[in-house]
Amino acid sequence: MAVVEVEGLCKRYGETVAVDDVSFTVEHGEIFGIVGPNGAGKTTLVECVEGVRRPDRGRISVLGLDPLRDRARLRQVMGAQLQGGGLPEKLRVGEAVTLYRSFYADGADPWRLLDELGLAGKRDTAFEDLSGGQAQRLSIALALVGRPRIAVLDELTTGLDPRARRDTWELIEQIRDTGVTVLLVTHFMPEAERLCDRVAVIDRGRLAALDTPGGLIARAGAPQRVRFRAAGPFDAALLDGLDGVGEVRTERGETVVTGTGDLLRTVSSALARHGVPATETRLETATLEDAFLALTGRAPEEETA
Ligand code: ADP
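Okay, so let's go over this structure.

Scoring rules and cut-offs
- Residues numbered from 1 in each chain as written.
- Predicted model: local features only at pLDDT ≥ 70, side-chain atom pairs only at ≥ 80, totals over all residues.
- Heavy atoms only, no water.
- Buried < 20%, exposed > 50% of the residue type's maximum accessible area, 1.4 Å probe, protein only.
- Helix = DSSP H or I, 4+ residues; strand = E, 2+ residues; numbered from the N terminus.
- Arc of directions from axis to C-beta.
- Polar contact = N/O pair within 3.5 Å; in protein donor to acceptor, adjacent residues only side chain to side chain.
- Contact = heavy atoms within 4.5 Å.
- Pairing = 2+ DSSP bridges.
- Axes fitted to C-alpha atoms, helices over the stretch in contact; angles between N-to-C directions.

## Here we look at helix H3 (residues 93-101)
Because each turn of an α-helix spans 3.6 residues, side chains separated by three or four positions end up pointing in the same direction. Every buried residue of H3 is listed here: Val93, Gly94, Ala96, Val97 and Tyr100. For H3, the angular spread of the buried residues around the axis is 165°, confining them to a single face.

Okay, structure coming up:
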């Protein structure tokens, strides 16, 4: 069942075309990623879905509701995360969740939610005294306290350390496992690759591609890399012209072979044939970041010109 349907969505700000004829559907229970560089139009797109921005053209349906016309009903079924620093500094964690809980007819138990999010000990802490990870978890709590059927999470782990980021990812998976559909906006590709069932790549307002992370990686035909350390003298020319071998270069004493096909075997057997012992041999397959670069010609952290 489609939870979100977007068809032919367009939105400009004066001369700037922020969203240009974008269509997609999000299925029930998916973690659906919206990825793209800064300025690509992701936030505008999601704000139209949330009903806080009016599209110039196009049709949007969320659980059968029109985000603008049925905004009050949409609020009851959609949980949106706070944008950075969106709470009064002195507001305490416990006050924030009970306040947000009061907006919903059938919400979650706020204390249980805080407990699940590891914030039980922070009930009396003011927003301004939370760490980045705690503020992020509070923001997720506020998005979930209305027991939504769809949660919109925007740049969820920006500024978090790797540990807090991993914890947050696990949390998102747990949320999905309870049947909540998640719309995840990010420009951090490892996050999309790890979490998303499907990913919409937005570039300059347009939908550049829509597929599973694996599908995007395969489709982009991004190359793989084999890295190794030759123990002893080694002439890189012995790899030249082998089937699937592209570029061969040296990086900090490591040989890096870029190519396609069964690259690991091709390289390993060539080294064995020439009696070159190698250590730390490993294969790096293409990532969503590589696919993104291949699809858009830009790195995800680059600004849209
Ligand atoms: P993203 O979320 O991918 O970073 P945005 O949707 O925020 O992209 O922005 C898309 C484009 O629209 C950018 O060029 C941005 O500068 C512009 N834009 C966003 N919001 C406004 C606004 N309120 N007024 C004018 N231009 C805007």
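## Some words on the side chain of Ser61
Secondary-structure assignment places Ser61 in strand S4 (residues 57-62). Taking the relative accessible area as the measure of exposure, Ser61 reaches 10% and is therefore buried. From its side chain, Ser61 meets the backbone nitrogen of Gly64 in a polar contact 3.5 Å long. Aside from chain neighbours lying at most four places away, what touches Ser61 is Val3, Val4 and Glu5.

## Structural notes on the sheet that holds strand S6 (residues 150-154)
As summarised here, the arrangement of the six strands in space is S5-S6-S7-S3-S8-S9, forming an open sheet in which the pairing is mixed. In this open sheet, the two strands that pair with only one neighbour each are strand S5 (78-80) and strand S9 (206-211). Strand after strand, the sheet turns through a mean of 15° between neighbouring axes, direction not considered. Of the pairings in the sheet, the one linking S6 to strand S7 (residues 181-186) comprises five bridges and is parallel in character. The partner of Ile150 across the bridge, within S7, is Thr181. Seen against the sheet, helix H10 (residues 288-296) touches strand S3 (31-35), strand S8 (198-203) and S9 and runs at an angle of roughly 40° to S8.

## Some remarks on the pairing of strand S12 (residues 254-259)
In terms of burial, S12 is largely enclosed, as six of its six residues are buried. The side-chain alternation of S12 yields two buried faces, one formed by Glu254, Val256 and Thr258 and the other by Thr255, Val257 and Gly259. Examined bridge by bridge, strand S10 (residues 224-230) and S12 share five bridges and lie antiparallel to one another. Considered in S12, the bridge of Gln224 is made with Gly259. In this sheet, S12 lies alongside strand S11 (residues 245-251) in antiparallel orientation, the contact comprising five bridges. Across the sheet, residue Thr250 finds its bridge partner in S12, namely Thr255. From the end of S11 to the start of S12, which pair antiparallel, there are two residues, and Arg252 there has a positive phi angle of about 45°.

## Some words on unusual backbone geometry
In this structure, Arg147 is a non-glycine residue whose phi angle is positive, near 50°. Within the element layout of this structure, Arg147 appears in the loop between helix H5 (132-144) and S6.

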